[in-house]
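Descriptive structure summary
Read off the chains here:
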Amino acid sequence: MADAPDEHAPDGPVARRIASAIPYYPYKGIPRFYDINGFLVRPDVFQLVIDVLAKRYAALEIDSIGGFDARGFVIGAPLALALKKPFFMLRKPGKQPNAVTSGAYEVEYGSRAGVSVPRGHPLSAEDPLKLSTVVKRGDRVLLVDDLVATGGTLAAGVELIHRLGARVAECACVVELKMFYDPPAGSGLPSRKALFEGKRIADVPVWALISEDILTVAGELPAGYEDDGEEH
Ligand SMILES: O=P(O)(O)OC[C@H]1O[C@H](OP(=O)(O)OP(=O)(O)O)[C@H](O)[C@@H]1O
Ligand SMILES: Nc1ncnc2[nH]cnc12
């Protein structure tokens, strides 16, 4: 007998249900800004998102879960609670004390100064460089964000975790914009594949539930709407 299809597979039935609650809008100068507010206001759908991720990562050996500022917090924190794992924030620089910060990076619609991870308290005697006691040498970390586009954010987070002597078991996102993975030469789009290869982090898996193929809900905008995205 054939295996039952996995209803939680990427772009599968559950992914489609969640995707139907994610509208896109023109925002920050791009035509399709995917808005996770669409499912955050629906507890049944938000719970589904966390359930799918919790099911996927229940058996993965990880020491902690890191969520990216800001939308990655919204997904990463409830996932960490569901899996009973320590949670830490990868914040934009200048937002948390006693932190270690990555280099600057680009996102789909702008530039970011970096991400920072808390060192933690008390500082560990086994870490003479006083790098981090939250993410420890040899740890396996799960990184979580709402969406991956160019991969600039994930790459900055992965490099920082590596700098702390830990490994990234996987990067988990709700949405993946596959058009940025390996775009044709001449498309003008940045390549996430090339970015990860150039940084020698191509072995770090990136998993996502929903691709742009099934994100088909154009958000409705009132007359006189103005794009107030801070960057474009
Ligand atoms: O793959 P990339 O091209 O790096 O883009 C993805 C990142 O962009 C958005 O974050 P943003 O920095 O805009 O922060 P926000 O969550 O505060 O909106 C999004 O939440 C991801 O973190
Ligand atoms: N198209 C997009 N929609 C929402 N968040 C994003 N972050 C980067 N690209 C994005």
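Refer to the structure above for everything that follows.
Structure report, in brief. (Residues numbered from 1 in each chain as written. Chains lettered and ligands numbered in written order. Predicted model: local features only at pLDDT ≥ 70, side-chain atom pairs only at ≥ 80, totals over all residues. Heavy atoms only, no water.)

Once that is clear, we can look at the site of ligand 2. Neighbouring ligand 2 are I30, R32, F33, Y34, R71, E108, Y109, L147, A149 and L177. R32 is positioned such that a nitrogen or oxygen atom in its backbone is 2.9 Å from a nitrogen atom of ligand 2. Residue R71 places a side-chain N or O atom 2.9 Å away from a nitrogen atom belonging to ligand 2. In isolation ligand 2 has 260 Å² of accessible area, and contact with the protein removes 94% of it. Per-element accounting of the shell around ligand 2 gives the leading share, 4 residues, to strand β2 (residues 30-34). Here the residues of the shell around ligand 2 sort into 7 nonpolar, no polar and 3 charged. (Near = heavy atom within 4 Å. Polar contact = N/O pair within 3.5 Å; in protein donor to acceptor, adjacent residues only side chain to side chain. Areas by Shrake-Rupley, 256 points an atom, 1.4 Å probe, with all protein chains shown as cover. Helix = DSSP H or I, 4+ residues; strand = E, 2+ residues; numbered from the N terminus. Nonpolar A, V, L, I, M, F, W, Y, C, P; charged D, E, K, R; others polar.)

The full set close to ligand 1 counts 18 residues, and Y109, D145, D146, T150 and T153 are the nearest of them. K92 is positioned such that a nitrogen or oxygen atom in its side chain is 2.8 Å from an oxygen atom of ligand 1. Contact distances for ligand 1 include 2.5 Å between an oxygen atom and a side-chain N or O atom of D145. Isolated, ligand 1 exposes 500 Å² of accessible area, and the fraction of that covered by the protein chains is 90%.

So, about the pairing of β2. Sheet analysis places strand β1 (residues 24-27) next to β2, joined by 3 bridges and oriented antiparallel. Along β2, the bridge assignment pairs Y25 with F33. Hairpin connection between β1 and β2: a loop of 2 residues separates the two successive antiparallel strands, and K28 in this loop has a positive phi of roughly 55°. (Pairing = 2+ DSSP bridges.)

This part covers the nonpolar core. Counting 40 residues, the largest nonpolar core has I18, F39 and I210 as the members making the most contacts within it. Looking at this core, the elements with two or more residues in it are α1 (13-19), α3 (43-57), α4 (71-83), β9 (140-148), β10 (167-176) and β11 (206-211). With 9 residues, α3 is the largest single contributor of residues to this core. Apart from the residues lying within four places of it in its own chain, the contact partners of I18 are F39, V45, L48, V49, L209 and I210. Within the second largest apolar cluster, 31 residues are counted, among which are V100, V135, V141 and A155. (Core = buried A, V, L, I, M, F, W, Y, C linked by side-chain atoms within 4.5 Å. Buried < 20%, exposed > 50% of the residue type's maximum accessible area, 1.4 Å probe, protein only. Contact = heavy atoms within 4.5 Å.)

In this section: the environment of G72. One can find G72 in helix α4. Overall, G72 belongs to the buried group, its relative accessible area being 0%. Apart from the residues lying within four places of it in its own chain, the contact partners of G72 are G67, V144, D145 and D146.

Attention now moves to the sheet that holds β11. The 5 strands are arranged β4-β3-β9-β10-β11 in an open sheet whose pairing can be described as parallel. Each edge of the open sheet is held by one strand with a lone partner, namely β4 (87-90) and β11. Sheet twist, expressed as the mean angle between neighbouring strand axes with direction ignored, is 20°. Here helix α5 (residues 152-163) sits on the sheet in contact with β3 (64-68), β4, β9, β10 and β11, set at roughly 165° to β10. (Axes fitted to C-alpha atoms, helices over the stretch in contact; angles between N-to-C directions.)

Scanning all chains against the criterion turns up 10 salt bridges. The partner of R71 in a salt bridge is D146, and the shortest N-O contact between them spans 2.9 Å. With R71 in helix α4 and D146 in strand β9, this residue pair connects regions lying 75 residues apart in the sequence. Its relative accessible area of 28% is what places R71 among the partly exposed residues. Relative accessible area serves as the criterion here: at 5%, D146 is assigned to the buried category. A salt bridge links D213 to K178, with the shortest nitrogen-to-oxygen separation between them at 3.2 Å. Here D213 is found in the segment after β11, whereas its partner K178 is found in the loop between β10 and α6 (192-198), with 35 residues between them in sequence. Residue classification places D213 among the exposed residues on the basis of a relative accessible area of 53%. (Salt bridge = Lys/Arg side-chain N within 4 Å of Asp/Glu carboxyl O.)

Geometric values such as these leave the question of function open.
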